[in-house]
Amino acid sequence: MRVLLVGAGGVGTAITRIAARRSFFDEMVVADYDLSRAEAAVAALAGAAGRFRAEHVDASDQAAVTALLTRYGCDVLLNATDPRFVMPLFQAALATGATYLDMAMSLSRPHPERPYEECGVMLGDTQFAQAADWEKAGALALVGMGVEPGLSDVFARYAADELFDEIEEIGIRDGANLTVDGYEFAPSFSIWTTIEECLNPPVVYEADRGWFTTAPFSEPEVFDFPEGIGPVECVNVEHEEVLLVPRWIDARRVTFKYGLGEEFIQTLRTLHLLGLDRTNLVTVPSAAGPVGVSPRDVVAACLPDPATLGERMHGKTCAGTWVRGTKDGAPREVYLYHVVDNQWSMAEYGSQAVVWQTAVNPVVALELLATGAWTGSGVLGPEAFPARPFLDLLSAYGSPWGMREQKPSSAHQGI
């Protein structure tokens, strides 16, 4: 297997550090718009750099990505960029017949008249519209294969196959107790992506209604996270799992709720109020004359790079899937979860917990594809594949997952 990894930011760099310890691939080309970032990621791989090489590429330039795939004979494209670049990378992989993996799907667009009631263009719609082309080519696009989406979807598949006879609700619940020394506001993940998913209308799925939207930060609930994290208030956020899970798993309701905290929510609302969440260019003066800038890019530039915060960060992050339904005629409720302690990920890999947790899952998926444990064609989510091989291999990577049985509840609550 020869892999083109596009994006050498925090997650991309963590991918190289995890993959360097595995033998399932022959070469990984690490490409970034900033060549120095790609070179730094490769240079840090002491003893393993022979299987890695750095290249420059503009992820928005489909022709350039296609040429890079062809030049190195890569049979896999792993997308570690933000969602703006999904489609040119997705199209480049299809053009060369390469397998495609991403950790976030093509962007949504709210309904123009009823954004908080009806769906417009949903996450992944643009990719799924081309599923027939991928099937005809006999090629695979594995979409949403990070931690959330990704591992959370694998947990949903595992629950459907092995833990439940009928599922009432699948709810992805994400929370953490991470703190960052020296910063009052320092997101642990890409602020560009965080703004996108938190300020867009959240999507909910119900079997008798289909997909619909609500207002941002709706339906607050307190969820008790394991391994010392404790109770965290979670709210509805737009996320890919709600669009993926119902395509392959029979559940009456699917939700995604994120533990943000009131201060974080108010900061996001302020950014929206000031128009600083916008991605369209605005003209501002500069020493060289008027220049067009994206307000959201300015916000990102003003905040610390999440990948650099590991030494200042303390605590744990938890990604998981809460499921309630019935087994053998009796009510059952479980929380399947994966916790990463920042102290461990920094000591073991030099990567902060959130980016490491995101990065490990596409590497596990790549290995399953390389060994033939996972096979398929078309545009597929993680739910389309057997869960047990993934969970077993994740544990073999030294990152075990857990399951907590919970007292069954009748309301849409996590506890």
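Presented here is an overview of the structure given in this document. (Residues numbered from 1 in each chain as written. Predicted model: local features only at pLDDT ≥ 70, side-chain atom pairs only at ≥ 80, totals over all residues. Heavy atoms only, no water.)

On to the environment of Leu281, then. Relative to the elements of secondary structure, Leu281 occurs in the loop between α10 (262-273) and β14 (282-284). The exposed category is assigned to Leu281, whose relative accessible area is 59%. Placed 15 residues apart in sequence, Leu281 and Arg296 show a C-alpha to C-alpha distance of 9.4 Å. Leave out the neighbours within four places in its chain, and Leu281 touches Gly292, Val293 and Ser294. (Helix = DSSP H or I, 4+ residues; strand = E, 2+ residues; numbered from the N terminus. Buried < 20%, exposed > 50% of the residue type's maximum accessible area, 1.4 Å probe, protein only. Contact = heavy atoms within 4.5 Å.)

To continue, consider the packing of aromatic side chains. Under the counting rule described, the total for this entry stands at 18 aromatic pairs. Taken together, a centroid distance of 5.6 Å and an interplanar angle of 20° make the contact between Trp374 and Phe390 stacked. One end of the pair, Trp374, is in the loop between α13 (353-371) and β19 (378-380); the other, Phe390, is in helix α14 (residues 387-396), with 16 residues separating them in the sequence. Here Trp374 and Phe390 have matching classes, each one buried. Aromatic rings pair up to connect Phe223, Phe225, Tyr335 and Tyr337 into one cluster. Cation over ring: Arg51 sits above Phe25, and NZ or CZ is 4.1 Å from the ring centre. (Phe/Tyr/Trp six-rings, centres within 6.5 Å; stacked < 30°, edge-to-face > 60°. Lys NZ or Arg CZ within 6 Å of the ring centre and 35° of its normal.)

This part covers the pattern of salt bridges. Scanning the model with the defined rule gives 25 salt bridges in all. The shortest N-O distance in the salt bridge between Glu206 and Arg253 comes to 3.0 Å. With Glu206 in strand β9 (residues 203-206) and Arg253 in strand β13 (residues 251-259), this pair connects stretches of sequence that are 47 residues apart. Exposure remark for Arg253: the relative accessible area of 5% places this residue in the buried category. A salt bridge links Glu405 to Arg332; its shortest N-O distance comes to 2.4 Å. On the criterion of sequence distance, the pair formed by Glu405 in strand β20 (residues 402-406) and Arg332 in strand β18 (residues 330-341) is long-range, its members being 73 residues apart. One network of salt bridges, in which partners are shared, links Glu169, Arg173, Glu206, Glu219, Glu221, Arg253, Lys257 and Arg324. (Salt bridge = Lys/Arg side-chain N within 4 Å of Asp/Glu carboxyl O.)

Turning next to the pairing of strand β1 (residues 2-6). Here β1 lies mainly inside the structure; 4 of its 5 residues are buried. Bridge count for β1 against strand β2 (residues 27-32) is 5 bridges, and the pairing is parallel. Residue pairing for β2: Leu5 is matched across the bridge by Val30. Following the chain from β1 across helix α1 (residues 10-19) to the adjacent parallel β2, one finds a crossover that is right-handed. (Pairing = 2+ DSSP bridges. Right-handed = clockwise from strand over helix to strand, strands pointing away.)

Counting buried positions along helix α8 (residues 191-199) yields 9 of 9 residues, so the element is predominantly enclosed. Along α8, the residues classified as buried are Ile191, Trp192, Thr193, Thr194, Ile195, Glu196, Glu197, Cys198 and Leu199. Buried residues in α8 make contact with β13, α10 and α11 (295-302).

Tracing the chain through its elements places Glu55 in strand β3 (residues 52-56). Setting aside its immediate chain neighbours within four residues, Glu55 contacts Val29, Val30, Ala31, Asp32, Leu35, Ala38, Leu68, Arg71 and Tyr72.

Glancing now at the packing of α13 against α14. Here α13 crosses α14 at 120°, and the two axes come no closer than 10 Å. Compared by their axis directions, α13 and α14 come out oblique. Relative to α14, the crossing made by α13 is right-handed. Residue-level contacts link Val360, Asn361, Val364, Ala365, Glu367 and Leu368 of α13 to Pro389, Phe390, Leu393 and Leu394 of α14. When grouped by side-chain class, the residues that make up the contact of α13 with α14 number 8 nonpolar, 1 polar and 1 charged. (Axes fitted to C-alpha atoms, helices over the stretch in contact; angles between N-to-C directions. Parallel < 35°, antiparallel > 145°, perpendicular 65-115°, else oblique. Left-handed = near helix turned anticlockwise from the far one by under 90°. Nonpolar A, V, L, I, M, F, W, Y, C, P; charged D, E, K, R; others polar.)

Taken together, the 7 strands give an open sheet; going across it, the order is β3-β2-β1-β4-β5-β6-β19, and neighbouring strands pair in parallel fashion. Every other strand in the sheet has two partners, leaving β3 and β19 as the edge strands with one partner each. In this sheet, adjacent strand axes meet at a mean angle of 20° when their direction is disregarded. Here strand β4 (residues 76-79) runs beside strand β5 (residues 99-102); their pairing, made up of 4 bridges, is parallel. Across the sheet, residue Asn79 finds its bridge partner in β5, namely Asp102.

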